[in-house]
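Structural overview for review
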Amino acid sequence: MKTRKFSEFVRSVALAALVFGVSAVSSKNASAQQQVQFMMDFLPSGEYAAFYGGWAKGFWKEEGIDITVTRGYGSSDTVTKVANGAAEFGISDLGSMMTARQRAGAPVKAISSLYTYSPHSFFVLESSGINSIKDLAGKRLGITPGNSHRIYFPEVAKRVGIDENSITWVSVDGSAMGTLLIQKKIDAAPLYTIHHYFNNKAAKMAGESIKILPYVETGFKIYSSVILTNEKIIAQNPELVKAFLRGVQRSLLWARDNREEACKLHVEKVPTIALDDCLGSLNATMDLVFNKDSEGSAFGKFDPARLKFTYQVVAKAQDLKPDWDPQQAVDTSFLPPR
């Protein structure tokens with residue numbers, strides 16, 4: 001009898017130890033998850049569905065990262081927040097990032113290219129009679145602080161043969177840009193081509209239609225959006241950078257092949273976005289990420305010649321040092337293999 005009771009006691013202790021061990025491991029795994037903020041550069045439209053979807057699928061969690069994806073307020077603001085540590089990683093226009101490094105000494109680097117094609121464009125109403133960028137002379141254009149469209153416009157203006165000073169720039173909230181265009185309070189809105197679907201849908205409801213005037217049609221072919229981080233993180237926590245980029249790559253490849261699911265998960269995270277709007281933006285975004293140029297090199301890498309041309313355009317537009325080496329603004333050594 002005593003032996004049986006002792007055996008039961010031993011089993012109870014063993015079970016308790018096992019439960020405690022599992023709990024300890026779970027607690028350890030939970031504590032091992034590093035909290036990271038990933039800041040976009042604009043409103044959470046469908047162009048970011050890969051990242052919101054990857055967040056929901058737990059791709060970063062499997063890499064040991066407790067991620068939070070947040071909206072942005074323009075490239076310059078995202079660069080500033082990543083530079084001062086308010087966000088660990090972010091998405092920014094490459095030109096805005098390189099300008100911030102030179103002018104303000106922002107300690108940030110691009111750790112991956114994102115859009116190998118530039119989506120910069122102006123949206124105008126079909127009813128406006130504006131048929132080309134050249135027709136924008138003397139017009140009122142909306143703009144947000146640090147908007148890369150403004151940075152690049154002098155070069156584009158030169159290419160089409162208009163005086164950049166003939167433009168009146170009106171500072172507006174990025175979220176109101178499309179609405180102000182439809183209401184005809186501005187003549188053109190500097191937006192990415194990937195924002196056309198949902199803005200045009202709103203225009204049609206008001207009896208209008210939106211035309212796209214792409215920068216690229218003027219021969220303006222540059223790198224655009226990149227993923228960046230703080231140099232301090234690169235130096236002190238390179239394994240975090242590697243793990244984060246693995247999550248990025250998994251999210252992009254998965255979203256490319258599962259677009260509707262990606263948008264459904266995105267809408268769950270951001271209920272203000274309609275599913276069809278998300279799909280319209282995501283489809284356009286995938287063409288910027290996966291194309292003949294991105295497939296010609298390792299995932300996320302920069303082609304040296306295109307990077308150099310991108311900097312030349314930025315330097316000329318922003319009056320930066322012409323002999324500055326843009327390679328010092330990028331570090332793609334942490335990218336995972338394709």
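Just above sits the structure.
In short, a report on the structure. (Residues numbered from 1 in each chain as written. Predicted model: local features only at pLDDT ≥ 70, side-chain atom pairs only at ≥ 80, totals over all residues. Heavy atoms only, no water.)

**Observations concerning the overall build of the protein chain**
Counted only if it meets this: Only DSSP runs of H or I reaching four residues or more are called helices, and only runs of E reaching two or more are called strands; each is numbered from the N terminus. Throughout, exposure labels follow a simple rule: accessible area from a 1.4 Å probe, protein chains only, divided by the maximum for the residue type, with under 20% read as buried, over 50% as exposed, and the rest as partly exposed. Contacts: residue pairs with any heavy atoms within 4.5 Å of one another. Shrake-Rupley sampling with a 1.4 Å probe provides the accessible areas, and residues are treated as covered by the protein chains on show and by no other component.
Across its full length, the protein chain holds 13 helices and 10 strands. Sorting the 338 residues of the protein chain into buried and exposed places 51% on the buried side. Pairs at least 24 residues apart make up 80% of the contacts formed inside the protein chain by residues separated by at least 6 positions. For the protein chain, the exposed surface amounts to about 15400 Å²; the carbon and sulfur share of it is 53%.

**Points about helix α10 (residues 259-269)**
Our working definition: It is the directions from the helix axis to the C-beta atoms that the arc portrays.
Of all the residues in α10, the buried ones are A262, C263, L265 and H266. One side of α10 carries all its buried residues, which in axial view fall inside an arc of 165 degrees. Structurally, α10 contributes buried residues whose contacts are with α2 (49-57), α9 (238-257) and α11 (275-289).

**Considering the sheet that holds strand β4 (residues 108-113)**
Rules: Pairing between strands is defined by DSSP: at least two bridges between the two strands are required. Helix axes use the C-alpha atoms of the stretch in contact, all axes being lines fitted to C-alpha atoms, and the angles between their N-to-C directions lie in the range 0 to 180 degrees.
With mixed pairing, five strands are arranged side by side in an open sheet as β2-β1-β3-β10-β4. Two strands close off the open sheet at either side, each with one partner strand: β2 (65-70) and β4. Strand-to-strand twist of the sheet, defined as the mean angle between neighbouring strand axes without regard to direction, takes the value 30 degrees. Relative to strand β3 (residues 89-93), strand β1 (residues 34-39) is paired through two bridges, and the arrangement is parallel.

**Here we look at unusual backbone geometry**
Residue K184 is not a glycine yet carries a positive backbone phi of 65 degrees. Residue D319 is not a glycine yet carries a positive backbone phi of 55 degrees. Position of D319 relative to the elements: it lies in the segment after α13 (304-318).

**Concerning the packing of α10 against α11**
Note the cut-off: What sets the label is the angle itself: under 35 degrees gives roughly parallel, over 145 gives roughly antiparallel, 65 to 115 gives roughly perpendicular, and the rest give oblique. If you view the pair so one helix is near and one far, a crossing is left-handed when the near helix is turned anticlockwise from the far one by less than a right angle, and right-handed when it is turned clockwise. Following the grouping adopted for this structure description, the nonpolar residues are Ala, Val, Leu, Ile, Met, Phe, Trp, Tyr, Cys and Pro, the charged ones are Asp, Glu, Lys and Arg, and the polar ones are all others, Gly among them.
For the pair α10 and α11, interaxial distance at closest approach is 9 Å and the crossing angle is 125 degrees. With respect to their mutual orientation, α10 and α11 come out oblique. Between α10 and α11 lies a crossing of right-handed hand. Counted together, R259, E260, A262, C263, K264, H266 and V267 of α10 and L275, C278, L279, L282, N283 and M286 of α11 form the full contact between these two elements. Considered class by class, the residues forming the contact of α10 with α11 number eight nonpolar, two polar and three charged.

**Focus on the pattern of salt bridges**
Applied cut-off: When a carboxyl oxygen of Asp or Glu is within 4 Å of a side-chain nitrogen of Lys or Arg, the pair counts as a salt bridge.
Within this structure, the stated rule accounts for 13 salt bridges. E231 serves as the salt-bridge partner of R101, at 2.9 Å between the closest nitrogen and oxygen. With R101 in helix α4 (residues 94-104) and E231 in helix α8 (residues 231-236), this pair connects stretches of sequence that are 130 residues apart. D276 serves as the salt-bridge partner of K201, at 3.1 Å between the closest nitrogen and oxygen. You can see K201 sitting in helix α7 (residues 196-205) and its partner D276 sitting in helix α11, a full 75 residues away along the chain.

**Points about the state of the cysteines**
Convention followed: The criterion for a disulfide is a pair of cysteine sulfur atoms lying within 2.5 Å.
All chains considered together, the criterion is met by one disulfide. Between the sulfur of C263 and that of C278 lies a disulfide, 2.3 Å long from S to S. Around the S-S axis, the bridge from C263 to C278 shows a dihedral of about -85 degrees and counts as left-handed. On the criterion of sequence distance, the pair formed by C263 in helix α10 and C278 in helix α11 is long-range, its members being 15 residues apart.

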